[in-house]
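Notes for the structure review
Listed below are the residues making up each chain.
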Amino acid sequence: MNLIIKNYTHRFLIVFINLLSVIVTLPFIANKLTINNFAEYSIALLIFQFSFLFTEWGFNIIGIEKVIKDNNKIKKVFLQINASKVIILFTILIFLFIIFLAGQIKIGKITMLCLILLIISGCFNPLWYFQVTKRPEKLTYITLVSRFFYIILIFLLLEKNNSASLPILLQGLSIGMVSVYGYYLITFKDKIKIKFSFS
C-alpha cells in the first residue's frame, strides 16, 4: 500500500509541476507571440499531445503490469517497450514529414524541428521504470529543476524573441533533460544496456 501511495504521489507531483509550468507561462507566451505565431505554437503543442498519448500512457501501464507479475523480467520488458516506442516514433515522424511536405501543417521549418525534438523527448520518458523499481522520486526532483529553468528561460528569452519555435524548443529541452537523466540512471546505475529487443 505504501508503494502505491508513493507512486501515485510522485506521479501526481510530476503532472502537477508540468501543468503548473504551463499555467504560469501560457499567458505570457500568448501575450508575447503574434496571433499567427501563437496559432503555430498551439498547433505544434497539439501535435505533441497526440504523439505523447501514443508513446507514453499505454506502454507505461503495460510495463508496470508485466513487471509486477514477474519482477525478474524488468530488463526484458524495458528493452521491449523501448523497441516498440522507437517503431511508433518513426511512424509518427514519417507521417508528420509527409503531411508537412504536403502543406497540411501550417508551421515553419524551425518550429517543426523543435517539435521533433519535443516528441522524441516525450517519447522516452521512463517514469514507469522508476515506479516499478520503487524510485519515482528520482524523476520528480529532476522534473522540478527542469520546469523551473523552463519558466525562467521563457520569461527571459521570449521577451526578445517572439517566434513560435522558442517555447517549443524550451519545452523539448526541459522534457529532454528528464528523459536523459532517467536513461543515465538506467544505463550507468542499473547497468541496463540500451538496445532493441522484441523477444
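Quick caveat: nothing in here was measured; it's all calculated off a predicted structure.

What counts as what
- Every chain is numbered independently, its residues counted from 1 as its sequence is written.
- The model is predicted, so local features are restricted to residues of pLDDT at least 70 and side-chain atom pairs to those at 80 or more, both for listing and for counting; the totals for chains, interfaces and linings are taken over all residues.
- Only hydrogens and water are set aside when side-chain values are computed; all heavy atoms of the structure are taken into account.
- Here a strand is any run of E in DSSP of at least two residues, a helix any run of H or I of at least four, and the numbering for each starts at the N terminus.
- Working definition: with a 1.4 Å probe on protein chains only, accessible area under 20% of the residue-type maximum means buried, over 50% means exposed, and in between means partly exposed.
- Charge assignment in this entry is limited to Lys and Arg as positive and Asp and Glu as negative, and neither His nor the chain termini are counted.
- All charge positions are set by atom: Lys at NZ, Arg at CZ, Asp at CG, Glu at CD.
- Salt bridge, as used here, is a side-chain nitrogen of Lys or Arg placed within 4 Å of a carboxyl oxygen of Asp or Glu.
- Any helix carries an expected span of 1.5 Å times its number of residues minus one.
- In summary, the pairing rule links any two rings of Phe, Tyr or Trp, Trp by its six-membered ring, whose centres are within 6.5 Å, and it sorts them by plane angle into stacked for under 30 degrees, edge-to-face for over 60 and tilted for everything else.
- In our convention, an over-ring charge means Lys NZ or Arg CZ found within 6 Å of a ring centre and within 35 degrees of that ring's normal.
- The patch calculation keeps residues exceeding 30% relative accessible area without a salt bridge and links them within 9 Å when they carry like charges or within 5 Å when they are nonpolar (Val, Leu, Ile, Met, Phe, Trp, Tyr).
- Accessibility throughout is a Shrake-Rupley quantity obtained with a 1.4 Å probe, and a residue counts as covered only by protein chains that appear here.
- Think of a nonpolar core as a cluster: buried Ala, Val, Leu, Ile, Met, Phe, Trp, Tyr and Cys residues, connected wherever their side-chain atoms sit within 4.5 Å.
- Residue contacts follow a heavy-atom distance rule, with two residues in contact if any of their heavy atoms lie within 4.5 Å.

When its secondary structure is counted, the protein chain shows 7 helices and 0 strands. Element order for the protein chain, N to C, with α for helix and β for strand: α-α-α-α-α-α-α. The C-alpha extent of the protein chain, read off along each of the three principal axes, is 55 × 35 × 25 Å. Of all 199 residues assigned to the protein chain, the portion counted as buried reaches 46%. One finds the centroid of the 20 positive side-chain charges in the protein chain at a distance of 6 Å from the centroid of its 7 negative side-chain charges.

Evaluated as defined, the whole model comprises 2 salt bridges. Here Glu159 and Lys32 are joined by a salt bridge, their closest N and O atoms 2.9 Å apart. Highlighted residues: Glu159 in the loop between helix H6 (137-157) and helix H7 (165-189) and Lys32 in helix H1 (residues 2-32), separated in sequence by 127 residues. Taking the relative accessible area as the measure of exposure, Lys32 reaches 25% and is therefore partly exposed.

Moving on, we get to H7. The end-to-end C-alpha distance of H7 is 35 Å, a good match for the 36 Å that 25 residues give at a rise of 1.5 Å each. Immediately downstream of H7, the backbone of Lys191 shows phi near 60°, a positive value.

Before going further, it helps to spend a moment on the packing of aromatic side chains. Scanning all chains against the criterion turns up 12 aromatic pairs. When the ring of Phe38 is compared with that of Tyr41, the centres are 5.9 Å apart and the planes differ by 35°; the resulting orientation is tilted. Linking Phe38 with Tyr41, this pair stays in helix H2 (residues 35-69), spanning 3 residues, or about one helical turn. For Tyr41, a relative accessible area of 4% translates into the label buried. An angle of 85° between the planes, with centres 6.1 Å apart, marks the rings of Trp128 and Tyr129 as edge-to-face. When its relative accessible area of 2% is taken as the criterion, Trp128 is described as buried. A connected cluster of aromatic rings, assembled from ring pairs, spans Phe78, Phe124, Trp128, Tyr129, Phe130 and Tyr183. Looking at Arg147, its charged tip hangs above the ring of Tyr150, at a distance of 4.4 Å from the centre.

Another point: unusual backbone geometry. A positive phi is found at Lys191, a non-glycine position, where the angle reads about 60°. Relative to the helices and strands, Lys191 is located in the segment after H7. Assessed through its relative accessible area of 63%, Lys191 is described here as exposed.

A grouping of Val145, Phe148, Phe149, Ile152, Leu153, Leu156, Leu157 and Met177 is seen on the molecular surface, where their side chains present a nonpolar patch of about 690 Å² in accessible area. Here the nonpolar patch gets 7 residues from one element, more than from any other, and that element is H6. Here Ile152 lies in helix H6.

Moving on: the nonpolar core. Counting residues in each nonpolar core, the largest one holds 52 residues, and the members touching the most others are Tyr41, Phe78, Leu115, Tyr129 and Ile168. With 11 residues, the single largest contributor to this core is helix H3 (residues 74-101). Filtering out sequence-adjacent residues up to four positions away, Leu115 remains in contact with Ala44, Ile47, Phe48, Ile107 and Ile168.

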